[in-house]
Amino acid sequence: MSSKNKNKKKLVLPPGMDVDLTDISQDFAAKKKNKGFFLEELEEFDTEFIRTGLPGVDYAIGGINHPGIPKGRIVELFGAESSGKSTLALWILSAILKNNDGIGLYFDVEQVYNHEIADKFGILPNKILVSQPATVDETFKAQEELVEKIREKYPEKPLATVIDSVGAFLSEDEYKGEYGEKFYGGIAKSLTQGLKKFNPIIREYKLVAIYVNQLREKMNAGMWEEKDDTPGGRAMKHFASVRVKCSKSSTIKKDKTILGHTVVIKCKKNKVAPPLKEASFDIIYNSPYFIDYVGHLLDWLKDNSLIPGSTGYYEINGKKYRKDQARELLLEDEELYQEFLDLAYTVKSLDDNEEEDDE
């Protein structure tokens, strides 16, 4: 290299001073249907979340800055049978309908939804439309049509869609075919096409989109690989902003009677908060509320030092209560329950080293 070129200084401009894309953005917006915009024109991210009343679940999914379920994103709940995935999906749906005056669409692919389930979760019949589609294509067509009509009539109300479940989908060929015929890749292709078309609608209309999925044993899995996988190809994994694995943890017993079980959730993928966060809640089979949301709230408050307590006891207004007693107290006193629920969302840090990366 010559000494002349070596000693030559480069002209350095201050960052951003040599770039102005305003005219290009305006020209693009005028000619195309798609809009060109600057980053600061995007809507505030922390307004896009709805709380479920299960603070542990909300913080695990939404993170410290915005605990809750993201609007305008796909959330996949998957797990083995009796792992609580459908129960959690219905709980989220009921929270949107009851607490946020929302509207729901429930696509009952497994065809098990009934009045008893609706009553259990306090879902009002006039606030939900239930469809029992047979195929993937039929489901996505129905979703698109119903969402457009509901948004046209009720543009401001929160809208949630639940598909239960992806694992029960049929492709068009399977639906029209004969028993014993083999079909490969039909569901994956239809699911890919459907998600590609419907995902922009989810974002545009700020839907809470819940997809329930099952687990299948993975054939010939290697020693270090996951031993199970979700059906439907890879499209669901790619399009879901949040993937939550539900697992049945332990059985809840009183003497020798089985009362319920504990569900543990883990965010295997998360584009709205740090991943791999966990939470748990109890399902009590014969209780009027099914999910022990009050017990979950009490545990969350004590574990995060928001109320005092010791092993097996919770201190409320200076008095110690066992869990059953504390639960009854909050169920009977609505104002106290609401006070504790508001307190639960004042947690400022779950991990001192936590750094969120909103995408």
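To be clear, the structure that these remarks concern was listed above.
Being a predicted model, the structure only gives us computed values, none of them experimental. (Residues numbered from 1 in each chain as written. Predicted model: local features only at pLDDT ≥ 70, side-chain atom pairs only at ≥ 80, totals over all residues. Heavy atoms only, no water.)

Novice: Looking at this structure, I do not really get the pairing of strand 15 (residues 319-322). What am I missing?
Specialist: The side chains of a regular strand alternate, first on one face of the sheet and then on the other. Two elements, strand 14 (residues 313-316) and strand 15, share four bridges in a ladder whose sense is antiparallel. Within strand 15, the position partnered with Tyr314 by the bridge is Tyr321. Between the antiparallel neighbours strand 14 and strand 15 lie two residues, among them Asn317 with a positive phi of about 55 degrees. (Pairing = 2+ DSSP bridges. Helix = DSSP H or I, 4+ residues; strand = E, 2+ residues; numbered from the N terminus.)

Novice: I would appreciate a short explanation of the sheet that holds strand 15 in the present structure.
Specialist: Through backbone hydrogen bonds, the strands of a sheet pair up, either in parallel or in antiparallel fashion. Read from one edge of the open sheet, three strands run 13-14-15, paired in antiparallel fashion. For this open sheet the edge positions go to strand 13 (309-310) and strand 15, each flanked by a neighbour on one side alone.

Novice: Explanation requested: helix 3 (residues 55-62) in the structure shown.
Specialist: Along an α-helix, residues three or four apart share an orientation, since each turn contains 3.6 residues. Buried residues dominate helix 3, accounting for eight of its eight residues. All buried positions along helix 3 are accounted for by Pro55, Gly56, Val57, Asp58, Tyr59, Ala60, Ile61 and Gly62. At the C-terminal side of helix 3, Gly63 shows a positive phi close to 85 degrees. (Buried < 20%, exposed > 50% of the residue type's maximum accessible area, 1.4 Å probe, protein only.)

Novice: How should I be thinking about the pairing of strand 10 (residues 242-254) in this particular structure?
Specialist: Of the pairings in the sheet, the one linking strand 3 (residues 73-79) to strand 10 comprises five bridges and is parallel in character. Looking at the pairing, Val75 lines up with Val242 of strand 10. Where strand 10 lies against strand 11 (residues 257-270), eleven bridges are found, and the strand directions are antiparallel. Residue Val242 lies in a different strand from strand 11, and its bridge partner there is Asn270. The antiparallel hairpin formed by strand 10 and strand 11 contains two residues in its connecting segment, where Asp255 sits at a positive phi of about 60 degrees.

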